[in-house]
Amino acid sequence: MSTQTQISATTVREITDWLYMEAGLLDAGRYREWLDLVAEDLSYIVPLRVTREREAVTDVVEGMTLMDDDADSMEMRVLRLETEYAWAEDPPSRSRHFVTNVQVAPGDSEDEFEVTSNLLLYRTRGDVATYDVLSGERKDVLRRAGDSFRLAKRVVLLDQTTIMTHNLALIM
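Calculation rules
- Residues numbered from 1 in each chain as written.
- Predicted model: local features only at pLDDT ≥ 70, side-chain atom pairs only at ≥ 80, totals over all residues.
- Heavy atoms only, no water.
- Phe/Tyr/Trp six-rings, centres within 6.5 Å; stacked < 30°, edge-to-face > 60°.
- Buried < 20%, exposed > 50% of the residue type's maximum accessible area, 1.4 Å probe, protein only.
- Helix = DSSP H or I, 4+ residues; strand = E, 2+ residues; numbered from the N terminus.
- Contact = heavy atoms within 4.5 Å.
- Polar contact = N/O pair within 3.5 Å; in protein donor to acceptor, adjacent residues only side chain to side chain.
- Salt bridge = Lys/Arg side-chain N within 4 Å of Asp/Glu carboxyl O.

Novice: Sorry if this is basic, but what is going on with the packing of aromatic side chains here?
Specialist: The geometry of an aromatic ring pair is captured by the separation of the ring centres together with the interplanar angle, meaning the angle of the planes. Considering all chains together, one arrives at two aromatic pairs under this definition. Centre to centre, the rings of Tyr122 and Tyr131 are 5.4 Å apart; their planes meet at 35°, and the pair counts as tilted. Overall, Tyr122 belongs to the partly exposed group, its relative accessible area being 32%. The exposed category is assigned to Tyr131, whose relative accessible area is 51%.

Novice: Help me understand the environment of Gln160, please; the structure alone is not making it clear to me.
Specialist: With respect to the helices and strands, Gln160 occurs in the segment after β6 (148–158). When its relative accessible area of 23% is taken as the criterion, Gln160 is described as partly exposed. Along the backbone, Gln160 and Arg49 are 111 residues apart, and their C-alpha atoms lie at a distance of 7.6 Å. In this view, Gln160 contacts Val133, Leu134 and Ser135; residues no more than four positions away in its chain are not counted. A distance of 2.9 Å separates a polar atom in the side chain of Gln160 from the backbone oxygen of Val133.

Novice: I would appreciate a short explanation of the pattern of salt bridges in the present structure.
Specialist: Pairing between side chains becomes possible if they bear opposite charge and their charged atoms approach one another. For the coordinates displayed, the defined rule picks out 14 salt bridges. Measuring nitrogen to oxygen at the nearest pair gives 3.0 Å for the salt bridge that ties Arg13 to Asp17. Residue Arg13 and its partner Asp17 are located together in helix α1 (residues 9–27), separated by four residues, close to a single helical turn. We classify Asp17 as partly exposed; its relative accessible area is 36%. Where Glu33 meets Arg30, a salt bridge forms, and the shortest distance between an N and an O atom there is 2.6 Å. By relative accessible area, Glu33 is classed as partly exposed at 35%. Several salt bridges converge on common partners, so that one network encompasses Glu22, Arg138, Asp140 and Arg154.

Worth remembering: the numbers are spatial, not functional.
In structure tokens:
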């Protein structure tokens, strides 16, 4: 993240409120409305991580992802969730997105912001006693769109190297 230009407290608050609103839409299963928040050139990536020695430059496996989507493939995900064929989400999950530690910096262009946040995602399904907890860091690029923002890029760096959840059908 660049720190050359100071971001106003008002802009940070607007972005934080946008992230909270986004989390609310996802938790309510309002995916169609969530799609209205994404840019046409969306890049949404959840890279594969491995455990490496301390000296390693990165623990992200280059070219291997758990999710690698654009706006069109996200549209297809939502369309599938709206059908009877979304067996991975039938019954639908109950989720809770906890977004914290929001940091905002200038982006590559005047109307873009680099946003880093922590995510804790809790999910349960049906009447079973088990649940999933995923934690990680999100690196977003938000683009100003009128009086709101659009998600142009999201990279979710999950803390787990072994994902124990049965599927990753949820948007993080």
